[in-house]
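A look at the structure
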Amino acid sequence: MSKMTITVGVDKVDVRFGFWTLSELSKRGYKISDLKRILEDDPYGFIPVVTYLGACGVSRDLYSHKESDFWDHYEKVGIAGEDVIRLVQFFTDSISKLVTPQEKKSIPKTGKAK
C-alpha cells in the first residue's frame, strides 16, 4: 500500500489510506457511499478528519497524532491549494482499490477544490 508525505505545520507527515482508515471513518459515521456528498457538502469538516486518520493509519494508532494539529493546519492554509487537491486525489485513488464495484460508483472524481 502506498503512502504520501504531506506537511502539517512544520512537520512532514506520512499518510496512508487503507482498510484501517476506512474502518475508522465508518466508526465516525461516514459511509463510503456518501463520500462524494460529504466532500461537496462539508469539505471543511471532512478533509482535516480524513487527513488525521490517514496519518494515524500509517501506524494504525489513533494516538500517534493529535487531531487538533490537522484542524489547526487547515484553518491556517485553507483547503483550496494544490497540496489538498493531491491529497484528496490520493485518498480517492487509494480507496478505489479497496472497495467493491458498487461502492466505487460513489467515490468522487477529483476536480477543482471548492
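Computed from a prediction, not measured in an experiment: that's the story for all the values here.

**Here we look at the layout of surface pockets**
- In this structure, the second largest pocket occupies an estimated 220 Å³ of space.
- As for the second largest pocket, its lining consists of 13 residues, of which Ile 6, Thr 7, His 73, Asp 83 and Val 84 are closest to the centre.
- For the lining of the second largest pocket, the secondary-structure elements that each account for two or more residues are strand E1 (4–8), helix H4 (67–77) and helix H5 (82–96).
- In terms of residue class, the lining of the second largest pocket is made up of 6 nonpolar, 5 polar and 2 charged.

**Notes on the packing of helix H1 (residues 19–27) against helix H3 (residues 43–57)**
- The contact between H1 and H3 brings their axes to 9 Å, and the two run at 135°. Judged by the angle between their axes, H1 and H3 are oblique. Note on packing geometry: the crossing formed by H1 with H3 is right-handed. Touching Trp 20, Thr 21, Glu 24 and Leu 25 of H1 are Phe 46, Val 49, Val 50, Leu 53, Gly 54, Cys 56 and Gly 57, all from H3.
- In terms of residue class, the contact of H1 with H3 is built from 7 nonpolar, 3 polar and 1 charged.

**Quick notes on unusual backbone geometry**
- One non-glycine residue, Arg 60, lies in positive phi territory at about 55°.
- Counting through the fold element by element, Arg 60 comes out in the loop between H3 and H4.
- Classification of Arg 60 by relative accessible area gives exposed; the value is 54%.

Cut-offs applied
Every chain begins its residue count from 1, and numbering advances along the sequence as written. The model is predicted, so local features are restricted to residues of pLDDT at least 70 and side-chain atom pairs to those at 80 or more, both for listing and for counting; the totals for chains, interfaces and linings are taken over all residues. Based on all heavy atoms of the structure, the side-chain values leave hydrogens and waters out of the count. Using protein atoms alone on a 1 Å grid, points that fit a 1.4 Å probe yet trap it form a cavity, whereas open point sets bounded by protein on both sides within 12 Å along at least five of seven lines form a pocket; residues with an atom within 4 Å of a point count as lining. Grid points are joined across faces, edges and corners, and a volume is the space filled by probe spheres set on the points. Each helix is a run of DSSP H or I of at least 4 residues and each strand a run of E of at least 2, with the numbering of both proceeding from the N terminus. Following the grouping adopted for this structure description, the nonpolar residues are Ala, Val, Leu, Ile, Met, Phe, Trp, Tyr, Cys and Pro, the charged ones are Asp, Glu, Lys and Arg, and the polar ones are all others, Gly among them. Interaxial angle, 0 to 180 degrees, is taken between N-to-C directions of lines fitted to C-alpha atoms, where a helix line uses only the stretch in contact. Small angles under 35 degrees read as roughly parallel and large ones over 145 as roughly antiparallel, with 65 to 115 read as roughly perpendicular and the rest as oblique. Crossing handedness follows the turn of the near helix against the far one: under a right angle anticlockwise gives a left-handed crossing, and clockwise gives a right-handed one. Only heavy atoms enter the contact rule, under which two residues are in contact if any of them lie within 4.5 Å. Per-residue accessibility, obtained with a 1.4 Å probe over protein chains only, is compared with the maximum for each type, and a residue is labelled buried under 20%, exposed over 50%, and partly exposed between these values.

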